[in-house]
There are 2 protein chains.
Amino acid sequence: MNPQGKRSGHRRAGGRTAGKKSLDSPNLRQRLVIENVRPDVDGGRFLSKGVVGETISVEADIYSHGHDELAADLLYRHESESEWHRAPMQLVVMDEDRWRCEFNPDERGIYLFTIEAWIDPYARWRRDFAVKAAVGEASDLDLQVGAHLLNQVAERASGPGRRALADAAERLPLDSADATNIALDQGLAREARDWKDPLLVARYERELSVLVEGKKAAFSAWYEMFPRSASPDPGRPGTFRDVEARLDYVAGMGFDVLYLPPIHPIGVAYRKGPNSSLNASAGDPGCPWAIGSKVGGHKSINPDLGTMADFRRLVNAAKRRGLNIALDIAFQCSPDHPYVTEHPEWFRKRPDGSIQYAENPPKKYQDVHPFDFETEARESLWEELKSIFLFWIEEGVSFFRVDNPHTKPFAFWEWCIAEIRKVDPDVVLLAEAFTRKPVMYRLSKVGFTQSYTNFAWTRDKPTLTEYFTELSTSPVMDFFRPNAWPTTPDILTEQMRRGERATFVSRLVLAATLSASYGIYGPGYELIEHAALDPDSEEFLNSEKFEIRHWNLDDPRSLRGEIAAINRARHENVALQSSRGLRFLDIDNDQIIAYSKTSPDKGNVIVCVVNLDPKRVQEGTVRLPITDWGLSKGAKFRVYDLLNDAAYQWQGQSNFVRLDPKVTTAHIFKVDLAEVVRRSASG
Amino acid sequence: MNPQGKRSGHRRAGGRTAGKKSLDSPNLRQRLVIENVRPDVDGGRFLSKGVVGETISVEADIYSHGHDELAADLLYRHESESEWHRAPMQLVVMDEDRWRCEFNPDERGIYLFTIEAWIDPYARWRRDFAVKAAVGEASDLDLQVGAHLLNQVAERASGPGRRALADAAERLPLDSADATNIALDQGLAREARDWKDPLLVARYERELSVLVEGKKAAFSAWYEMFPRSASPDPGRPGTFRDVEARLDYVAGMGFDVLYLPPIHPIGVAYRKGPNSSLNASAGDPGCPWAIGSKVGGHKSINPDLGTMADFRRLVNAAKRRGLNIALDIAFQCSPDHPYVTEHPEWFRKRPDGSIQYAENPPKKYQDVHPFDFETEARESLWEELKSIFLFWIEEGVSFFRVDNPHTKPFAFWEWCIAEIRKVDPDVVLLAEAFTRKPVMYRLSKVGFTQSYTNFAWTRDKPTLTEYFTELSTSPVMDFFRPNAWPTTPDILTEQMRRGERATFVSRLVLAATLSASYGIYGPGYELIEHAALDPDSEEFLNSEKFEIRHWNLDDPRSLRGEIAAINRARHENVALQSSRGLRFLDIDNDQIIAYSKTSPDKGNVIVCVVNLDPKRVQEGTVRLPITDWGLSKGAKFRVYDLLNDAAYQWQGQSNFVRLDPKVTTAHIFKVDLAEVVRRSASG
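Residues numbered from 1 in each chain as written. Chains lettered and ligands numbered in written order. Predicted model: local features only at pLDDT ≥ 70, side-chain atom pairs only at ≥ 80, totals over all residues. Heavy atoms only, no water.

(A) Looking closely at the overall build of chain A. Within chain A, the regular secondary structure consists of 17 helices and 30 strands. Considering only C-alpha atoms, chain A reaches an extent of 105 × 75 × 50 Å along its principal axes. Expressed as a percentage of its 683 residues, the buried residues of chain A come to 61%. Nonlocal contacts in chain A, meaning residues at least 24 apart in sequence, comprise 75% of its contacts between residues at least 6 apart. With an accessible surface of roughly 26,400 Å², chain A has 48% of that area assigned to carbon and sulfur atoms. On chain A, the mean spot of the 88 positive side-chain charges and the mean spot of the 98 negative ones are 2 Å from each other. (Helix = DSSP H or I, 4+ residues; strand = E, 2+ residues; numbered from the N terminus. Buried < 20%, exposed > 50% of the residue type's maximum accessible area, 1.4 Å probe, protein only. Contact = heavy atoms within 4.5 Å. Areas by Shrake-Rupley, 256 points an atom, 1.4 Å probe, with all protein chains shown as cover. Lys, Arg positive; Asp, Glu negative; His and termini not counted. Charge placed at Lys NZ, Arg CZ, Asp CG, Glu CD.)

Here you go:
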């Protein structure tokens, strides 16, 4: 039965210790439970990720048996600090067990946090007293109990609080009218809260860690281009100087990162010709991922592109335009790479003594030798590979796109990335792993800053909703930062092969707004390049991987205007600068996807509405959580389409949208959170 | 780019060690990842739960970088064994990372398990060789590689396997036709699998534990009755002898457990009268939960019910009928309890020296003194409370319903239950905690065998579906065993207060089939007792908690026939003996809920269809996963309604059901898994 029913039960406030050891193990003395703490990546095994200036929300289930009043503090500190900061946690929902507190990391580096919770007997007394007093059932004994508890608190207190507590304790039993004032005094209750009984305090068993990085770690728009295709003159290959001349074009579209495929000397042995043909002609430039020739390897520059001085010039010219150059780190060698002759111990040998090339049976990649990461000469190999990163960091590069990291040991990355970060805490490593989720997630856990995603193959509304919900909620959002690409030099999906302009726009909008980092492979993307090697292939026809292309940037069909508008929207709206804060919205049309992005401080709200059908007009009524935005239920408010500067007045939760793929395939609405007070005549 | 694309990549098979320590930490040498292992309650902090003879399914994500072929064994052993049993794990879905293996615990006690995974280079060679051979690309070098790998295996092998492996290695490079046979030889591959390279083996970091208990721990039907209301003569109160006379009635309905509210002497001080009135008359029997009088306490018997000898007789008479007597353990005292005077140190005192009674402000329960579990005399108190369990275990009682465990420390239960189990491993403890989920779950984690649930307040289809899905899937199903009650002496929900017969039947069927353990509070339940103290109260009018009632068991409205049919169905169908194996089924009517229960060996399938509307006929088409049951897509098959012995022939996935609450509120169909081969003329 329930005489001590749902909110009663009786615990003495003090948690004194029993004498003998059989009943005295730490587990048995644990009265408060603190569990399901987040963010926490695999029980503290890995760091979770944060960004300077972006709120970190810590949550936990905290409870005790019975009906005590609990209190909890979040304790957090930067690794350079020795003292904890404290902030009070709050119940997420009254009478449940989930507590939350946010903190705002304002420095790069590792933040540690943990939780302290305790039982607050005076708070329980206040709660019960208030109920009794309301029905005239508060007795003198109740007042004496309260005074006793306050006295205990005062004995633990110091400073001005001690006096106030002791005074209140003295007055409490004397006069029941005064007692009510004392019991209701919130300031006194706050004071009492913090002078806790050490026997009633529990500390969470772990200190958890968040790696807080610069803004660009989570928010970046990438533009990929092949330098050798950058020449304005179809008669000659492009160079770093040509790339430099194109910086204004790229920066003008609002990108943050200019990513160049490998810029190193290209092997000659087994060089591939156009469309991956096995018989290259003398003039074929080869594949940039077949790294290394007698001219040099991963720390050298392909002489066709220019000199190291040219490269430095490019890096600096890009920086002046707010662009970061990203290099491609592909840990593999052409048969001509100096490593192959100088360090044969770093490669796997076949029984005939030859070095094993890459293969994916029955396919052979004789132009590529993988490293043997578990060779007996592992230490010198790993150190050398690390030194490749450090070499380019020294040259001013902090952004790296890492080729196929999932074919190298996790342990290598965990070690290597930690080492690199010691030298350059701002380094950004984008993992190019298109594989099974546990593997992609593991790479992020061991240290990759960002990761390519399955976005290219995530196409319809349920699939997009499910995938980006997973990416934008715990636990995945705590360690995995998505970077969404509609196409890459290796990925031209069936959807893109159709070459519909509306599809190229809608995929761009989805990538750039669902994910805080995204990228396009240009100039093909803005020029709607979509010819495939064959109808069922995700390979481009005449791929730049194997030949030099020339592009007409002034093609009137170019999407550069749309791209610039999207990147401007991203830069001007904090809500689009995090992959968190995403919420999918109901709309009564399967061909339209709608979602909101909200900034951590709730001050910036973006609503995206995208027509997934590139051929037909689609319309529907979208339901908006406007009261969560602070608007009243029937409020009139304005939304501005950041893609075309159109403004609309909306009202209430349900609003109509219509998207004609010939005109407007997507809206990126900024919501004006001020209600429109002046009512129209018809309103 | 992807020359080492989705299924290529190159790793040397051996995992040799680097020389120097900087690259040699255990983390950095870990090549295989084993994670997300289940069952696992809070990272190994608590035992998960199993039942003798019921399969335990162990799953884990297991993967490496690259494209190695992996193998994994489940290792498990009973705590009394020193050697592991091994069973090979299998991929749940091809080309994904989830592995599974089941084992069948055939003894009570703790089973330990862990996982060993390793890289199998010969298996990878076979895979690649098969692809190459199929396109005529297998080379002599490939054969030499295979021979080398087989030789390495043979060197590690012993016994007859060694010879076979060495022979195969010798023959492999000699003749490519023979080589193909060797490469395809599955027996050889199985042999090679098990002689693993110690450098390529990873062991999961933890050994996890499952407490395996007897069948009744998970599967039991409980019948609660007040002994003092068991008299067939309205002129006198019931006794243990009357309960004995009623055993055939209870056993006849098919119950496994007969649960008696506290049978101890009842306090006189502040004794409550009918309907919880504060002014009891001389003849009022008092509330059984106000335990203890000068006659005795928790180890004594209320003289009005009989003697200890009578009780022993009852226990034995019940056992002869397959019934277990369950006692109520309520750790609280009336003011007259001998503990109060003999051990005042076990109670909390108020400032005036009086002992604090229970309260839930503004309500006071002056007839009940809670123990102070954290008193300085904690050790003697805890030992005494433990001894209460042991006393009744000594008297032949193994089933206990524990009153309000959530108002006592988790640490007390964890210690006490572990101690009790040492004495009686078959003890079943049912936690009566109606409170927030984390607290209820914690009680199960610290050792309670079963738990009351929120079933009574879980009423409509979405809520039932969500709640029982949570209870029947990991992680909750791994530690929490539900026991569902439509009513209790404290809980008469608004739904039940209406007194509709169809509701009493449908709630019974839901409780008895959604949950492997359930209970009813009789004889009120079968007699559709539903009068409430007031219209908004969950308290019964004239509750047996405060007065003696007399019941007419022969009332023609009695549900005893329905109850007997339901309990018979439960005893005859393994699928209903576990709370796992539950799957909700689509049906196009919100007022009908449909679900299947499947036995672990898939040999027994039950389909329940329940009309949630007690007033109107409801009908609909239920979709059945018949191919998962081994039936063909358009199969004809028979279903038998275990409630009324009706048989139906169904066909295919979609079948029509119609439920008239005046006639049949629910079906419990047993599916005949043999297809009906003889086709009807119209078929």
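(B) Structural detail: the sheet that holds strand 12 (residues 257–260) of chain A. Residue and element names in this part refer to chain A. If you walk around this closed barrel you meet the eight strands as 11-12-13-18-19-20-21-22, and the pairing is parallel. Strand-to-strand twist in this sheet, taken as the mean axis angle between neighbours without regard to direction, amounts to 25 degrees. In the sheet, strand 20 (residues 450–452) pairs with strand 21 (residues 482–484) via two bridges, with the strands oriented parallel. By the bridge assignment for strand 21, Y452 is matched with N483. Strand contacts of helix 17 (residues 560–572): strand 11 (220–224) and strand 22 (517–521), with the helix running at about 165 degrees to strand 22, the strand carrying the most contacts. (Pairing = 2+ DSSP bridges. Axes fitted to C-alpha atoms, helices over the stretch in contact; angles between N-to-C directions.)

(C) Up close: the pattern of salt bridges. All names here are of chain A. The tally for this structure, following the rule as stated, stands at 111 salt bridges over all chains. Put simply, E59 and R100 hold a salt bridge, and the shortest N to O gap is 2.9 Å. Taken together, the positions of E59 in strand 3 (residues 56–63) and R100 in strand 7 (residues 98–103) put the pair 41 residues apart, joining distant regions of the chain. R560 is paired through a salt bridge with D554; the nearest N and O atoms lie 4.0 Å apart. Classification of R560 by relative accessible area gives partly exposed; the value is 34%. (Salt bridge = Lys/Arg side-chain N within 4 Å of Asp/Glu carboxyl O.)

(D) Quick look at the sheet that holds strand 3 of chain A. All names here are of chain A. Ordered in space as 1-3-7-6, the four strands form an open sheet in which the pairing is antiparallel. Each end of this open sheet is capped by a strand with a single partner; those strands are strand 1 (33–38) and strand 6 (90–91). Of the strand pairs in this sheet, strand 3 and strand 7 are connected by six bridges, and their pairing is antiparallel. From the neighbouring strand, V58 faces strand 7, where its bridge partner is C101.

(E) Local environment of the pairing of strand 10 (residues 208–213) of chain A. Residues and elements named next belong to chain A. The element strand 10 is largely enclosed, with a buried count of five among its six residues. In the sheet, strand 2 (residues 48–51) pairs with strand 10 via four bridges, with the strands oriented parallel. Across the sheet, residue K49 finds its bridge partner in strand 10, namely L211. Bridge analysis of strand 8 (residues 109–119) against strand 10 gives five bridges, and the strand direction is antiparallel. Note that in strand 10 the partner of I110 across the bridge is L211.

(F) Representation of the side chain of D613 of chain A in the model. Residue and element names in this part refer to chain A. The topology assignment puts D613 in the loop between strand 25 (605–611) and strand 26 (618–623). On the basis of relative accessible area, D613 is assigned to the buried category, the value being 4%. Looking at D613, its side chain comes within polar contact range of the side chain of R616, at 3.0 Å. A distance of 2.9 Å separates polar atoms of two side chains, one belonging to D613 and the other to Q618. What D613 contacts, discounting residues up to four positions off in sequence, is Q591, Q618 and P661. (Polar contact = N/O pair within 3.5 Å; in protein donor to acceptor, adjacent residues only side chain to side chain.)

(G) Spotlight on the packing of helix 2 (residues 121–134) of chain A against helix 5 (residues 176–184) of chain A. All names here are of chain A. Where helix 2 meets helix 5, the axes come as close as 10 Å, and the angle between the chain directions of the two elements is 125 degrees. Of the possible angle classes, the one that applies to helix 2 and helix 5 is oblique. Considering the relative orientation of helix 2 and helix 5, their crossing is left-handed. For the pair helix 2 and helix 5, the contacting residues are Y122, W125, R126 and F129 in the first and A179, T180, I182, A183 and L184 in the second. Looking at side-chain class alone, the contact of helix 2 with helix 5 contains seven nonpolar, one polar and one charged residues. (Parallel < 35°, antiparallel > 145°, perpendicular 65-115°, else oblique. Left-handed = near helix turned anticlockwise from the far one by under 90°. Nonpolar A, V, L, I, M, F, W, Y, C, P; charged D, E, K, R; others polar.)

(H) Summary view of the environment of R206 of chain A. Residue and element names in this part refer to chain A. Among the structural elements, R206 can be located in the loop between strand 9 (201–203) and strand 10. Given a relative accessible area of 30%, R206 falls into the partly exposed group. Residues R206 and A177, spaced 29 residues apart in sequence, show a C-alpha to C-alpha distance of 46 Å. Ignoring sequence-local partners within four residues, the contact set of R206 consists of D40, G43, G44, F113 and T114. Only 3.5 Å separates the side chain of R206 from the backbone oxygen of G43, close enough to count as a polar contact.

(I) A look at the packing of aromatic side chains. Residues and elements named next belong to chain A. Considering all chains together, one arrives at 84 aromatic pairs over all chains under this definition. A ring pair is formed by F331 and W413, whose centres lie 6.0 Å apart and whose planes are at 15 degrees; its orientation type is stacked. One end of the pair, F331, is in the loop between strand 13 (324–329) and strand 14 (332–333); the other, W413, is in helix 12 (residues 410–423), with 82 residues separating them in the sequence. For the pair F331 and W413, a shared accessibility class is recorded, and that class is buried. The side chain of K196 reaches across the aromatic face of W118, ending 4.0 Å from its centre. Looking at R378, its charged tip hangs above the ring of W382, at a distance of 4.4 Å from the centre. (Phe/Tyr/Trp six-rings, centres within 6.5 Å; stacked < 30°, edge-to-face > 60°. Lys NZ or Arg CZ within 6 Å of the ring centre and 35° of its normal.)

(J) Examining the packing of helix 11 (residues 378–394) of chain B against helix 12 (residues 410–423) of chain B more closely. All names here are of chain B. Across the interface, helix 11 lies against helix 12 with an axial gap of 10 Å and an inter-helix angle of 35 degrees. Relative to helix 12, helix 11 is oriented so that their crossing is right-handed. Every residue of helix 12 that contacts helix 11 at W382, E383, L385, K386, F389, L390 and I393 is listed here: A411, F412, W413, W415, C416, E419, I420 and V423. Grouping the constituent residues of the contact of helix 11 with helix 12 by class yields twelve nonpolar, no polar and three charged.

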